[in-house]
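Residue strings, one per chain:
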Amino acid sequence: MSAADAHAETIYHDELPSAYTGLDTRKLAIWTFIGSECLFFASLISTYLVYKGKSLVGPLPHQESQCMLHGQLQQCGAIFEIPLVTFGTAVLLFSSFFVVLALNGAQTGNRKRLIGWLGATVLAGLFFIGMQVYEFYHFYHKGLGYTTNLFGSTFYTLTGFHGSHVTLGVIWLATVLVLAIRGKLPPRKAVNLELAALYWHFVDVVWIVIFPTVYLMR
Amino acid sequence: MTAGTLDHAPAHPGPATGIWSWMTTVDHKRIGVLYGATAFFFFMLGGFEALLMRWQLGAPERSFLSPELYNQLFTMHGTTMIFLGVMPLSAMFFNYMIPLQIGARDVAFPRLNAFSYWVFLLGGLFMNFSFVLNAAPNAGWFGYANLTSKQFSPGLNVDFWVIGLQILGVASLAAAVNFFVTIINLRAQGMRLMRMPMFCWMSLITQMLLLLAFPVITVALVFLMADRAFGTSFYSPGGGGDPILWQHLFWIFGHPEVYILILPAFGIVSEILPVFSRKPLFGYAAMVFSGAFIAFLGFGVWSHHMFSTGMGPIADSVFSLTTMLIAVPTGVKIFNWLGTVWGGSIRSTTAMHFALGFVAMFVIGGLSGVMHSSPPADLQQTDTYFVVAHFHYVLFGGAILALLGGAYYWFPKMFGYLLDERIGKWHFWLTMLGMNLTFFPMHFLGLVGMPRRVYTYPAGLGFEAMNLVQTLGSFLLGSAFLVFIANIWKSWRERERRKAPADPWDGATLEWSIPSPPQEFNFPELPTVEHRDELWHRKRALGGPLPEPARVSGAGIHMPNPSYWPLVTALGAMVTLIGFMAGGVAVNLTGAAILFFGAFRWAFEPAG
Amino acid sequence: MPLWKVAFRSAWPGVVSALGMVVMAACGGEYPQSTLAPKGDFAGMVDVLFMTTVKWAVVVFVLVECALLYIIWRFRRKPGDGEPKQIHGNALLELIWTIIPALVLFFIAIPTVRTIFRTAEVPADALEIEVIGHQWWWEFRYPDERIVSATEMHVPAGRTVALRIRTADVLHSFWVPQLAAKRDALPNKYTTLWFTTDSVGAFPGQCAEFCGLQHGRMASLVVVEPPEGYAAWVARQQRGSPLNDGGRLVYATPDDSAAASADSILVQGRRAFLSAGCVGCHAMAGTPTAGLLNLTGPNLTHLGERRTLAGGMLPNTPENLARWLREPQVVKQGSLMRLARPLAEDEISALVAYLRARQ
């Protein structure tokens, strides 16, 4: 490590001005951002609910319908595969637990715990994304395109934005993981992981709303 | 509190002058000046667009402007004035004044602050670039579906509008996070929330509105973009969609947006009136709570923009009542301002003229708003010049007059010299005369049946005389702004002999305790606050004015380094969004690459 | 500065304009599209409510502005002024100036809600008219009378008219200020508006929702006729109506007569109507598209007796009709009146004669 590296305060401003509330300023920023994002997802979910049941053609989520497949009007089954998504949901929920364990490792200086559980979190996130990609691919081949009907448009927009938030979260966590592996995440810098973890929990909570609303509710 | 925590970093790494220093600045004061200059330019552009329209409407059946150009002008006038005029003019004051008023050295995230500015500039330039292609947005500033669908707006006009607004939304959201956190967490020791200057309070509430309202228009625009670019049917009846969904989403954003426009103005007026009455703001707590209540309730009135869509009597009644309810805290503010000046010793500075003019004009705008709140009555008023009168009274007579007052009030602090008061009075009276001549007749014009957004009108409906008066008034109003520019220029020329002390007005708040203009680090030592109107208390304790603060070396005070990564990241954001209207995935990915590259380098930059 | 000067300088633009308003309100006739001199019951109810709000607004305006002017004059700084009393607030005042405005609003809210519900209910036994907005003209279909019209809506005096409004393309808003108010035209459902009037006359209106390029030129005219006049109008419109006889001609016109010379100008006009492609966008009784609805342009079967052309933009005169046929894109740029090919001058003269004879 060069002298400049050693001297320079890398990653984030470690010495932010004193916080009036005692809350870390960067954590406050993440919470603020999360509050704003709640309205973003609320608008997407509301639109999904407003258009629920209003599609003119299938495929539909929970029931059979008429849909266009290979240029022909056909009878199509309900398109959701709940067991797969339920498993992905469980994985995502567990990943929030994993990152808590990783954060504990960061805060206590336990390098193995930090890297192990943070790696598990990233893997869980990647699994969830993989599941979603597989699901989208599967739906597309069963006749549900983005423009096929209102269900397709609202579903893909909502879960697509959620998935892109998961992706950004995975990138962020992976970056922190690399830093941890390179020894640049000592306990006094554990807040850097905590910020990513907060965002990750938010992404998880949004899914906890989306899953029953979209997948379970009929 | 000691000056800084690190001894080794110099207070001024990098050049202090020149274009590069401005392009890499992370100093809130410089960013404030950038916002102000850019916003003022766009405001003049929006004004020019208005004068063109007023010329067209000065007589019936004029063919000075083609219908297409007229429609582009009224769309861009509204969009520009709101998103590129009033909002960034407010941002100029958020940037410059909030850290000074709360006793901080800068905002919480200085580079994010710079990022916001650059995104705003790029968004404004992008949107106006559309004129070059004769494809400026032309579906109105609230772009109702399904006129905005690809079918009925096949050109690039609406795409420019959608992408431009998304870019500007990024700027607003980033700034909102920044200022919210700054006000909550960077206040000086002892500055409890209820001791904070009212401008900071109104700004805090405004940031919360921004944070909660902008995501909704982001979603609305995403749906519109999807309809246009990919062929979804979010707003297309052919595919099962409903154009009214757009109206709901837009106005759930749009109504809080108007409070975003006016609350900072409320805050500025609440700063000016006490200082020039030499009395504290009357009813500080009432002013805080009424502001918060207005913001909260502002999310519950949106469908009053939709009274003519036939929502049914129950929805009409509910939104009518919530709209009327919001007039109560607004009235409370007016009365508290009157209570502030009552019994005072009123100094007739230009800033005070504008602040009092605000009160007079905003009352008119508020009253026409109450008239709109009654749905049956609104069924005659909506979409006519009556509503154009209403919103110009609250936006021009309200927001703009307050911003001008703030300009005269804070100019000496920002630039170190005072504006000419005599020319300032001329500016004020020309503005008042021009404003009233332009917008007052619009109440009647609407009531005698002239709809809005019409590029011309026939003779014989009685619209001629009022339109002529309005056109004359608008040119008078334009000349008032020329007087303002002349004032700035003349005062700049005479700046040596117009030098401003730290506290030219006998102010009450912390910004007046440091030199004019402030040094880069604002306060040599971060202040401790024990009262609301802290400076008045200090002066009273001293029995006279405070000694002129000296300029000190600032050695040992640690300020953040300048950086160009915010600008790079801003460019990446803009290019990514442009990919949705031109160039496809390749452009999206290029932009994303620049964005990620910039963001990573930003994140790992030495803090300085 | 003395108070009168302060008051004068601040208030004169507003006062001048206010006086102007009074003058204008009195002159309903000079403002044919005014909301202030209602001739229909719906508009009348709205006007009563509006005047209630105006009354309260004027009271508040006068009180607040006078208070402001008084304060500015009375408390201006005078030499020798000491520091004024540093008052921070008064809880009782806050209560008073919260409750009193709330009460005033209550007095506006009650008649408002009452009027909302009264106007929401369409009176029984109304004459039903379907209003369809197009870019940039209004279409009217009378299901019971089995007639169609464009731009002009004739109604009988003394009978309630119930409008069912929709659009064929983008959002519009149907507005006839003197009789009723406005109601938006939506693409996926009908909205309603109704009125009754005893005033015979022609009441202009304009589209009141921005609908694209020529939104400013989308006018309408409600012609209120005495019952006999209305019945006669209906009878005339029924001849050749797509909703009545499928557009077949059931009456003799000059160009129908066997005696008509083959090159009479009316016959030439009819030939031009067919050969120039007009028939593709405009239903005309006695032509192949006679019985069609939902064509791009209005049904022209009775164009001769309409008062205006081009969506209410031009008076229906031979010169204007010729201009409209010669260069529609110059007259109303962007309109969907696009000729298949330019017309020769003799074709135009023939068409003008032919169309003006469609009564």
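One can find the structure itself at the top, above this paragraph.
Residues numbered from 1 in each chain as written. Chains lettered and ligands numbered in written order. Predicted model: local features only at pLDDT ≥ 70, side-chain atom pairs only at ≥ 80, totals over all residues. Heavy atoms only, no water.

Caption draft 1: Expanded view of the overall build of chain B. Check the secondary structure of chain B and you find 17 helices and zero strands. A globule of 608 residues ought to have a C-alpha radius of gyration of about 25 Å, and chain B, at 24 Å, matches this closely. Here the C-alpha coordinates of chain B stretch approximately 70 × 60 × 50 Å along the principal axes. By the burial criterion, 69% of the 608 residues in chain B qualify as buried. Carbon and sulfur atoms make up 71% of the accessible area of chain B, which totals about 18100 Å². (Helix = DSSP H or I, 4+ residues; strand = E, 2+ residues; numbered from the N terminus. Rg over C-alpha atoms; globule rule 2.2 N^0.38 Å. Buried < 20%, exposed > 50% of the residue type's maximum accessible area, 1.4 Å probe, protein only. Areas by Shrake-Rupley, 256 points an atom, 1.4 Å probe, with all protein chains shown as cover.)

Caption draft 2: Local environment of the overall build of chain A. A tally of helices and strands in chain A yields six helices and two strands. Along the chain direction, N to C, the helices and strands of chain A fall in the order α-α-β-β-α-α-α-α. C-alpha atoms of chain A, sized along the principal axes, occupy 70 × 35 × 25 Å. Here chain A holds 218 residues, and the buried ones make up 50% of them. Considering only intrachain contacts with a sequence separation of at least 6, the fraction spanning at least 24 residues in chain A is 72%. Carbon and sulfur atoms make up 67% of the accessible area of chain A, which amounts to about 10000 Å² in all. Measuring between centres, the 13 positive side-chain charges of chain A sit 4 Å from its 11 negative side-chain charges. (Contact = heavy atoms within 4.5 Å. Lys, Arg positive; Asp, Glu negative; His and termini not counted. Charge placed at Lys NZ, Arg CZ, Asp CG, Glu CD.)

Caption draft 3: The pairing of strand 10 (residues 219–225) of chain C, seen in detail. Residue and element names in this part refer to chain C. Burial analysis of strand 10 places seven of its seven residues in the buried class, which makes it a mostly covered element. Where strand 4 (residues 152–156) lies against strand 10, five bridges are found, and the strand directions are parallel. For H154, the partnering residue across the bridge sits in strand 10 and is V223. The pairing of strand 9 (residues 201–206) with strand 10 spans six bridges and is antiparallel. Note that in strand 10 the partner of F203 across the bridge is V222. (Pairing = 2+ DSSP bridges.)

Caption draft 4: Quick peek at the interface of chain B and chain C. Listed per partner, the contact involves 97 residues of chain B and 91 residues of chain C. Carbon and sulfur atoms make up 69% of the surface buried where chain B meets chain C, a total of about 7800 Å² over both sides. Looking at the side of chain B facing chain C, the largest losses of area belong to F282(B), Q380(B) and L447(B), adding up to 8% of the total buried there. Where chain B meets chain C, there are two salt bridges. Across the pair R540(B) and E83(C) runs a salt bridge, and its minimum N-O distance is 3.5 Å. Here chain B is connected to chain C by 26 residue pairs in polar contact (both at pLDDT 80 or more). At the level of secondary structure, the elements contributing two or more residues to the side of chain B that touches chain C comprise helix 3 (67–102), helix 7 (243–277), helix 8 (284–297), helix 9 (313–341), helix 10 (350–372), helix 11 (375–381), helix 13 (421–447) and helix 15 (534–542) of chain B. For the side of chain B that touches chain C, the element with the most residues is helix 9 of chain B, which contributes 15 residues. (Buried area = accessible area lost by both parts, 1.4 Å probe. Salt bridge = Lys/Arg side-chain N within 4 Å of Asp/Glu carboxyl O. Polar contact = N/O pair within 3.5 Å; in protein donor to acceptor, adjacent residues only side chain to side chain.)

Caption draft 5: The pattern of salt bridges, seen in detail. Under the counting rule described, the total for this entry stands at 23 salt bridges over all chains. Ionic pairing is found between K27(A) and E194(A), a salt bridge with its closest N-O pair at 2.9 Å. Here K27(A) is found in helix 2 (residues 25–50), whereas its partner E194(A) is found in helix 6 (residues 191–216), with 167 residues between them in sequence. Residue K27(A) shares its accessibility class with E194(A), and that shared class is buried. Close ionic contact of R164(C) with E128(C) constitutes a salt bridge, the shortest N to O distance being 3.8 Å. One end of the pair, R164(C), is in strand 5 (residues 161–167); the other, E128(C), is in strand 1 (residues 127–134), and 36 residues separate them in sequence. Residue class for E128(C) comes out partly exposed when judged on its relative accessible area of 30%. Taken together, the shared-partner salt bridges connect D420(B), K490(B), E494(B), R497(B) and R498(B) into one network.

Caption draft 6: Just the packing of helix 12 (residues 385–415) of chain B against helix 14 (residues 464–493) of chain B, in detail. All names here are of chain B. Packing of helix 12 against helix 14 leaves a shortest axis separation of 13 Å and a crossing angle of 10°. It follows that helix 12 is roughly parallel to helix 14 by the angle criterion. Seen along the crossing, helix 12 lies across helix 14 with a hand that is left-handed. Of the residues in helix 14, those in contact with F396, I400, L404, A407, Y408 and F411 of helix 12 are L477, F481, F484, N487 and I488. (Axes fitted to C-alpha atoms, helices over the stretch in contact; angles between N-to-C directions. Parallel < 35°, antiparallel > 145°, perpendicular 65-115°, else oblique. Left-handed = near helix turned anticlockwise from the far one by under 90°.)

Caption draft 7: Broad picture of the interface of chain B and chain A. With 47 residues of chain B in contact, the opposing surface of chain A contributes 42 residues. Where chain B abuts chain A, roughly 3500 Å² becomes buried across the two surfaces, and 72% of that area is made up of carbon and sulfur atoms. There are zero salt bridges connecting chain B and chain A. Contributing elements (two or more residues each) for the side of chain B that touches chain A: helix 5 (157–185), helix 6 (198–230), helix 7 and helix 17 (584–603) of chain B. At ten residues, helix 6 of chain B tops the list of elements feeding residues into the side of chain B that touches chain A. Per-class residue counts for the side of chain B that touches chain A are 30 nonpolar, twelve polar and five charged. (Nonpolar A, V, L, I, M, F, W, Y, C, P; charged D, E, K, R; others polar.)

Caption draft 8: How the structure looks around the arrangement of the chains. Among two pairs of chains with at least one contact, chains B and C form the most extensive contact set. Looking at chain A next to chain C, you find no contact at all, with the nearest C-alpha pair sitting 13 Å apart.

Caption draft 9: Structural detail: the sheet that holds strand 8 (residues 191–195) of chain C. Residues and elements named next belong to chain C. Read across the open sheet, the five strands follow the order 3-2-1-5-8; overall the sheet is mixed. Whereas interior strands pair on both sides, the edge strands pair on one side only; in this sheet they are strand 3 (147–150) and strand 8. Across this sheet, the average inter-strand angle for adjacent strands is 25°, counted without regard to direction. In this structure, strand 2 (residues 137–142) lies alongside strand 3, joined through four bridges in antiparallel fashion. Note on strand 3: the bridge partner recorded for F140 is S149. Packed on one face of the sheet, helix 4 (residues 227–238) meets strand 1, strand 2 and strand 3 and runs near 100° to strand 3.

Caption draft 10: Local environment of the sheet that holds strand 10 of chain C. Residue and element names in this part refer to chain C. The three strands are arranged 4-10-9 in an open sheet whose pairing can be described as mixed. Edge positions in the sheet fall to strand 4 and strand 9, since each of these pairs with one other strand and no more. In this sheet, adjacent strand axes meet at a mean angle of 20° when their direction is disregarded.

Caption draft 11: Quick look at the packing of helix 12 of chain B against helix 13 of chain B. Residue and element names in this part refer to chain B. Here helix 12 crosses helix 13 at 165°, and the two axes come no closer than 7 Å. In terms of their interaxial angle, helix 12 and helix 13 are classed as roughly antiparallel. Handedness of the helix 12/helix 13 crossing: left-handed.

Caption draft 12: How the structure looks around the packing of aromatic side chains. Throughout the structure, instances matching the rule amount to 97 aromatic pairs over all chains. Here the aromatic rings of F42(B) and F120(B) are separated by 6.2 Å at their centres, their planes lie at 70°, and the arrangement is edge-to-face. Taken together, the positions of F42(B) in helix 2 (residues 28–57) and F120(B) in helix 4 (residues 110–132) put the pair 78 residues apart, joining distant regions of the chain. With relative accessibility at 4%, the residue F120(B) sits in the buried group. Their ring planes at 55° and their centres at 5.6 Å tell us that F115(B) and W602(B) sit as a pair that is tilted. Of this pair, F115(B) sits in helix 4 while W602(B) sits in helix 17, and the two are 487 residues apart along the sequence. The burial state of F115(B) is the same as that of W602(B); both residues are buried. Taking the ring centre of Y20(A) as reference, the NZ or CZ of R187(B) above it sits at 4.0 Å. Taking NZ or CZ as reference, R453(B) lies 4.3 Å from the ring centre of F142(B), over its face. (Phe/Tyr/Trp six-rings, centres within 6.5 Å; stacked < 30°, edge-to-face > 60°. Lys NZ or Arg CZ within 6 Å of the ring centre and 35° of its normal.)

Caption draft 13: Structural context of the nonpolar core. Residues L193(A), F358(B) and F174(C) are the most contacted members of the largest nonpolar core, which totals 311 residues. Considering each element in turn, this core owes the most residues, 21 residues, to helix 6 of chain B. Dropping the residues within four chain positions of it, F174(C) is found in contact with V131(C), W138(C), F140(C), M153(C), L163(C), I165(C), A181(C), K182(C), R183(C), L193(C), S220(C) and V222(C). Counting residues in hydrophobic clusters, the runner-up holds 24 residues, among them W324(C), L325(C), I348(C) and L351(C). (Core = buried A, V, L, I, M, F, W, Y, C linked by side-chain atoms within 4.5 Å.)

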